[in-house]
Amino acid sequence: MAQFGHVITAMATPFDREGRVDYGRAAELARLLADRGSESLVVAGTTGESPTLSDEEKVELFRTVKQAVGERAKVIAGTGTYDTAHSTHLSREAERAGVDGLLLVNPYYNRPSQDGLYAHFRKVAESTALPVILYNIPGRTGVNCLPETVARLAQVPNIVAIKEASGSLDQASEVRKRTPPDFLLYSGDDSLTLPMLAVGGVGVVSVASHLVGQEIGEMIRAFFAGEVRRALEIHLRLWPLFKVLFITTNPVPLKAAMRLAGFDVGVPRLPLVEATPREQEQIRGVLQDLALLPVAV
């Protein structure tokens, strides 16, 4: 069974001023995230703007980030698409690039049935020796991978975890009830990490960990140490950040926040656009309250 740790960061993809992938900056960001408590990094996931990345860009990012962090953090490649053959090809390329695991999102737009989801994920998983994390995010994909389907998929030897982002603690609870104890349940929403731990989660695939990874790790460790009140204090302190990073489509607020916090990763690729001035002010206010803005010299 793969163990990816408690704090997995869904890493942003840096672009330069011409909109090209900035691989040097990606390596810097990966090292920074490892320094800030990320135990694993998802590369070319939704936060990494995967729909706008070519296969060549994705594979080069996989190599770059793995070389940058070495054994300090595991690298999980986002290789899921709405085409099973394409997902299989990209997963094999990721394995050749040296990553430690795969994140497979629900096939989007074509909205397969539950049997279709099962067949898709199983086919891709069986094409590789890498451990696989399922990614259930109905709000982005238009289809919900139901707990009974997750339970079937948990029987595939290298499908070892799920990033559950349905927003439903009931669904997360049912997934936990139906799957083996060693099948890992991760929150796909920063704001639900703490309650997800209470229903059997082990951690989070996080956006906010770009900025507060150590604090999120502290919250999770406090919960598992029985210091629930301490975990709640951290959750409530960070909650405004969890929410402001989703005031518009992810990763638009994150990229604005990273620039304001002093680590510019460029702007999103079209069709996403920069945060509006009003959104940037909201983000700035939260960062200021959490002392995440650079200190003026």
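These notes cover the structure that comes with them. (Residues numbered from 1 in each chain as written. Predicted model: local features only at pLDDT ≥ 70, side-chain atom pairs only at ≥ 80, totals over all residues. Heavy atoms only, no water.)

1. Examining the environment of Leu238
In this structure, Leu238 sits in helix α10 (residues 228-244). On the accessibility criterion, Leu238 (1% relative accessible area) is buried. Between the C-alpha atoms of Leu238 and Leu192, which are 46 residues apart in sequence, the distance is 12 Å. When sequence neighbours within four positions are dropped, the list of residues in contact with Leu238 reads Val212, Glu215 and Ile216. (Helix = DSSP H or I, 4+ residues; strand = E, 2+ residues; numbered from the N terminus. Buried < 20%, exposed > 50% of the residue type's maximum accessible area, 1.4 Å probe, protein only. Contact = heavy atoms within 4.5 Å.)

2. Some points on the sheet that holds strand β5 (residues 132-136)
One closed barrel accounts for 8 strands, arranged β1-β2-β3-β4-β5-β6-β7-β8; its pairing is parallel. In this sheet, neighbouring strand axes are inclined to one another by 25° on average, regardless of whether the strands run parallel or antiparallel. With 5 bridges joining them, β5 and strand β6 (residues 159-164) adopt parallel strand pairing. Looking at the pairing, Ile133 lines up with Ala161 of β6. Packed on one face of the sheet, helix α4 (residues 114-125) meets β4 (101-105), β5 and β6 and runs near 160° to β4. Relative to the sheet, helix α7 (residues 169-178) contacts β5, β6 and β7 (184-187), its axis offset from that of β6 by approximately 170°. (Pairing = 2+ DSSP bridges. Axes fitted to C-alpha atoms, helices over the stretch in contact; angles between N-to-C directions.)

3. Looking at helix α3 (residues 84-97)
With 14 residues, α3 extends 20 Å from end C-alpha to end C-alpha; this agrees with the ideal 20 Å at 1.5 Å per step. Residues of α3 that are buried make contact with α2 (55-69), β3 (74-78), β4 and α4. The N-capping residue of α3, defined by a side-chain oxygen 3.1 Å from the backbone nitrogen of Ala85, is Asp83. (Expected span 1.5 Å × (residues − 1). Polar contact = N/O pair within 3.5 Å; in protein donor to acceptor, adjacent residues only side chain to side chain.)

4. Some words on the layout of surface pockets
Roughly 400 Å³ of volume is contained in the largest pocket. Where the lining of the largest pocket is concerned, the elements lending two or more residues are β4 and α5 (138-141). A volume near 310 Å³ is recorded for the second largest pocket. As for the second largest pocket, its lining consists of 21 residues, of which Gly188, Asp189, Val207, Phe246 and Asn250 are closest to the centre. At the level of elements, β8 (203-206) and α10 are the ones that each hand at least two residues to the lining of the second largest pocket. When the residues that make up the lining of the second largest pocket are grouped by side-chain class, the tally is 8 nonpolar, 8 polar and 5 charged. (1 Å grid on protein atoms, 1.4 Å probe; cavity = no way out; pocket = protein on both sides within 12 Å on 5 of 7 lines; lining within 4 Å. Points joined across faces, edges and corners; volume = space filled by probe spheres on them. Nonpolar A, V, L, I, M, F, W, Y, C, P; charged D, E, K, R; others polar.)

5. Some words on the nonpolar core
In terms of nonpolar packing, the biggest core is built from 84 residues, with Leu29, Phe62, Leu211, Ile216 and Leu241 touching the most fellow members. In terms of residues, this core owes the most to one element, helix α9 (residues 209-224), which gives 7 residues. (Core = buried A, V, L, I, M, F, W, Y, C linked by side-chain atoms within 4.5 Å.)

6. Quick notes on the packing of aromatic side chains
We describe a pair of aromatic rings using the distance from one ring centre to the other and the angle between the two ring planes. This structure, assessed with the given rule, holds 2 aromatic pairs. With 5.5 Å between their ring centres and 80° between their planes, Phe223 and Phe224 make a pair best called edge-to-face. The exposure class of Phe224 is partly exposed, given its relative accessible area of 43%. Across from the ring centre of Phe263, 3.7 Å away, lies the NZ or CZ of Arg25, which sits over that ring. The lysine or arginine in question, Lys163, covers the ring of Tyr135, its NZ or CZ lying 3.9 Å from the ring centre. (Phe/Tyr/Trp six-rings, centres within 6.5 Å; stacked < 30°, edge-to-face > 60°. Lys NZ or Arg CZ within 6 Å of the ring centre and 35° of its normal.)

Nothing here speaks to function; it is all geometry.
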